[in-house]
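Listed below, chain by chain, are the residues.
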Amino acid sequence: MTPTTGQVTIESDLQRADQVTGVVTATGNVRIVYPDRRVVATSRQAQYFSKEGRVVLSGDVDVIQEGGNHLRAEQVTYFVETERVLANPAAGRQVFSTLRIESTPTASPTQPAQPTP
């Protein structure tokens, strides 16, 4: 198993950090790479609220996870501590998602042994 680092790479046209509020804001052509979760996300704006442990992506949000999971919405909020996601659509639209659901094999009933002739 690969150790987690928590490292996230953010590319954008502009980035600001406010030491008083603990908010980091990236705007314009935002691209976020989160290797530990095998996730790449794009949006028009991203804000990390460090004191609350919350990331808010806004504007044409696309979140793609290696393996086939995909989420598209107007706004996506990621709660770091609980690893929960809340997706909101644009007015009059819907959230779109594609999820790869892994099934766990169920135990098959054992067959009685057949007598050998």
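Below is a summary of the structure that appears in this document. (Residues numbered from 1 in each chain as written. Predicted model: local features only at pLDDT ≥ 70, side-chain atom pairs only at ≥ 80, totals over all residues. Heavy atoms only, no water.)

## Overview of the pattern of salt bridges
Quick reminder of the rule: In what follows, salt bridge is the name for a side-chain nitrogen of Lys or Arg lying within 4 Å of a carboxyl oxygen of Asp or Glu. Strands here mean DSSP runs of E at least two residues long; helices mean DSSP runs of H or I at least four residues long; both are numbered from the N terminus. Think of it in three bands: with a 1.4 Å probe and only protein chains considered, a residue is buried below 20% of the maximum accessible area for its type, exposed above 50%, and partly exposed in between.
Applying the stated criterion across every chain, the model contains seven salt bridges. Of the charged contacts, one joins Glu11 and Arg31 as a salt bridge, the two residues approaching to 3.6 Å between their closest N and O atoms. Pair noted here: Glu11 is in strand S1 (residues 9–11) and Arg31 is in strand S3 (residues 23–34), with a separation of 20 residues, a long-range link. With a relative accessible area of 34%, Arg31 lands in the partly exposed category. Arg54 is paired through a salt bridge with Glu52; the nearest N and O atoms lie 2.5 Å apart. Given the relative accessible area of 21%, Arg54 is considered partly exposed.

## Brief notes about the nonpolar core
Selection rule: Buried Ala, Val, Leu, Ile, Met, Phe, Trp, Tyr and Cys residues that are joined via side-chain atoms within 4.5 Å together make up what is termed a nonpolar core. Only heavy atoms matter for contacts: two residues are in contact if any of them lie within 4.5 Å across the pair.
Core analysis: the largest hydrophobic core is formed by 15 residues, its most contacted members being Ile32, Leu57 and Val63. Setting aside its immediate chain neighbours within four residues, Val63 contacts Val39, Val40, Ala41, Leu57, Asn69, His70 and Leu71.

## Topic: the side chain of Thr77
Tracing the backbone through its elements, the reader meets Thr77 in strand S6 (residues 69–79). Those residues in contact with Thr77 that lie beyond four places of it in its chain are Arg54, Val55, Val56, Arg84, Val85 and Leu86.

## Quick look at unusual backbone geometry
Residues other than glycine seldom take positive phi values, yet Arg38 does so here, at roughly 55°. Considering the arrangement of structural elements, one finds Arg38 in the loop between S3 and strand S4 (39–49). The class for Arg38 is partly exposed, based on a relative accessible area of 45%. At Asp60, a residue that is not glycine, the phi angle is positive and equals roughly 50°. Here Asp60 shows up in strand S5 (residues 54–65).

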